[in-house]
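Report on the structure
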Amino acid sequence: MKFLNSDLVKAKMDDFGFTIFERMHLQDSWNFIRKMTVRRAWNSVKILSSYYITKWIGKPIQWGKPITISFEPTTACNLRCPECPSGLRSFSRETGNLKKDFFRKSLDELSKDLMYLIFYFQGEPYINPDFLDMAQYASDKGIYTITSTNGHFLNDKNSRRTVESGLNRLIISVDGTTQEVYEQYRKEGKLEHVLQGARNVVSWKKKLKLSTPHIIFQFLVVKPNEHQIPEIYKLAKEIGVDEVKLKTAQVYDYENGNPLIPDNEKYARYTKGSDGKYHVKHALVNHCWKLWHSCVITWDGLVVPCCFDKDADHRLGDLKQASFSEIWQNENYQSFRTSLLKGRDQIDICTNCTEGCEVWK
């Protein structure tokens, strides 16, 4: 996922030369850095060095364990967003919830090397009744934790539990500043429920005198809402949210244009070519950092290469049948890495991705 910085909002400089928002980001950065251990640092060095050696020699060399892993709490969702498999109910795989005991067993194998744990893939995490217990378990192991939510389940009780769980970062999708605009993408969503949920989390952070979670309003920029970009910054400031991130939208049917592609090309993943067709802005190159430092584990234990394999078509292993260490170095994984190095444009999940790309000149 590619995030865009915006200069639409200026913050007043304080006496130390930092803006209010910069100081908030420094706190979040410190919360991440303090998770580092000697073992995790050495693992990061091994991952990074093997990645660059691979780029140099053109053959897959894999040292170390993942720095980042995404666990999928559930594939279920309460909304009907038009470019989301969960929203469209279009999965060929089964819908279900990650089991707490299975999660703990899996994390126990990974926790000493893992720095960053992402609690989302498809679906709405808060639908899983054990989600916050799992977040607490990961936090207790000194892992930086993050989740992304549509914000409809952040009632007062869940908001307090979220703050108490030790979750480090909470991304709330707010794709419009009025109900009329918001619901054009977040089908069946209620904007006021989302905003009240954000207020609840902000309130409990203050009551409990805690700096986490770092709250982000994520604004998926599409044509219906691009005119509201200045307003989302104002709204976030009024509520007390720590940060706003603008996110470019991935659309599946883009070649002949799409009503979701923004008019301002700055906020689009696609550009119109001389042939009248739309193309991904970036040219694919035959390497990918994600395949070396991270992976995704679905709710039922399947290991897939990255977040673009939404239907888990590229199944590299199953944690119900093998340990993660065995899967990370198995023939399926090495074969997939080799295929990527030979021709990333031949892998279906890579063709609409911006990871490891070079900007067109």
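What you are looking at is a predicted structure, and each value in this text was computed from that prediction instead of being measured. (Residues numbered from 1 in each chain as written. Predicted model: local features only at pLDDT ≥ 70, side-chain atom pairs only at ≥ 80, totals over all residues. Heavy atoms only, no water.)

1. Quick notes on the side chain of T68
- When you line up the elements, T68 lands in strand β2 (residues 68-71).
- With residues near it in sequence (within four places) discarded, T68 still touches L114, Y116, I118, H293, S294 and C295. (Helix = DSSP H or I, 4+ residues; strand = E, 2+ residues; numbered from the N terminus. Contact = heavy atoms within 4.5 Å.)

2. Comments concerning the packing of aromatic side chains
- For the structure shown, the criterion picks out twelve aromatic pairs.
- When the ring of F71 is compared with that of F103, the centres are 4.9 Å apart and the planes differ by 80 degrees; the resulting orientation is edge-to-face. Of this pair, F71 sits in strand β2 while F103 sits in helix α4 (residues 100-110), and the two are 32 residues apart along the sequence.
- Among the residues examined, F103 registers a relative accessible area of 0% and is labelled buried.
- With a centroid separation of 5.5 Å and an interplanar angle of 80 degrees, the aromatic rings of F119 and F131 are classed as edge-to-face. Pair noted here: F119 is in the loop between β3 (116-118) and α5 (131-140) and F131 is in helix α5, with a separation of twelve residues, a long-range link.
- In this structure F131 comes out as buried when scored by relative accessible area, which is 0%.
- Chaining the aromatic ring pairs together yields one cluster made of F71, F103, F119, Y126 and F131. (Phe/Tyr/Trp six-rings, centres within 6.5 Å; stacked < 30°, edge-to-face > 60°. Buried < 20%, exposed > 50% of the residue type's maximum accessible area, 1.4 Å probe, protein only.)

3. Considering helix α8 (residues 191-208)
- Helix length check: α8, at 18 residues, gives a terminal C-alpha distance of 26 Å against a target of 26 Å (1.5 Å per residue), a fit within 8%.
- Along α8, the positions that sit buried rather than exposed are L191, V194, L195, G197, A198, N200, V201, V202, W204 and K205.
- In this structure, the buried side of α8 is in contact with α6 (156-164), β5 (169-173), α7 (179-185), β6 (214-221) and α9 (229-239).
- K209 lies just past α8 and shows a positive phi near 55 degrees. (Expected span 1.5 Å × (residues − 1).)

4. Details of the pattern of salt bridges
- Across all of its chains, the model carries 13 salt bridges by this definition.
- Here the salt bridges share partners, and the residues they tie into one network are K100, D130, D133 and R161. (Salt bridge = Lys/Arg side-chain N within 4 Å of Asp/Glu carboxyl O.)

5. Focus on the nonpolar core
- Residues F103, L117, I172 and F217 are the most contacted members of the largest nonpolar core, which totals 82 residues.
- Broken down by element, the residue count for this core peaks at seven residues, all from α8.
- Not counting the four nearest positions on each side in its chain, I172 is found in contact with T149, G151, L154, V194, A198, I215, I216, F217 and Q218. (Core = buried A, V, L, I, M, F, W, Y, C linked by side-chain atoms within 4.5 Å.)

6. Considering the pairing of β5
- For β5, a buried count of five out of five residues is recorded, marking the element as mostly surrounded by other parts of the structure.
- Burial along β5 is two-sided: R169, I171 and S173 facing one way and L170 and I172 facing the other are all buried.
- The sheet contact formed by strand β4 (residues 144-149) and β5 spans four bridges and is parallel. Paired with T149 across the two strands is I172, which belongs to β5.
- Crossover handedness for the path β4 to α6 to β5: right-handed. (Pairing = 2+ DSSP bridges. Right-handed = clockwise from strand over helix to strand, strands pointing away.)

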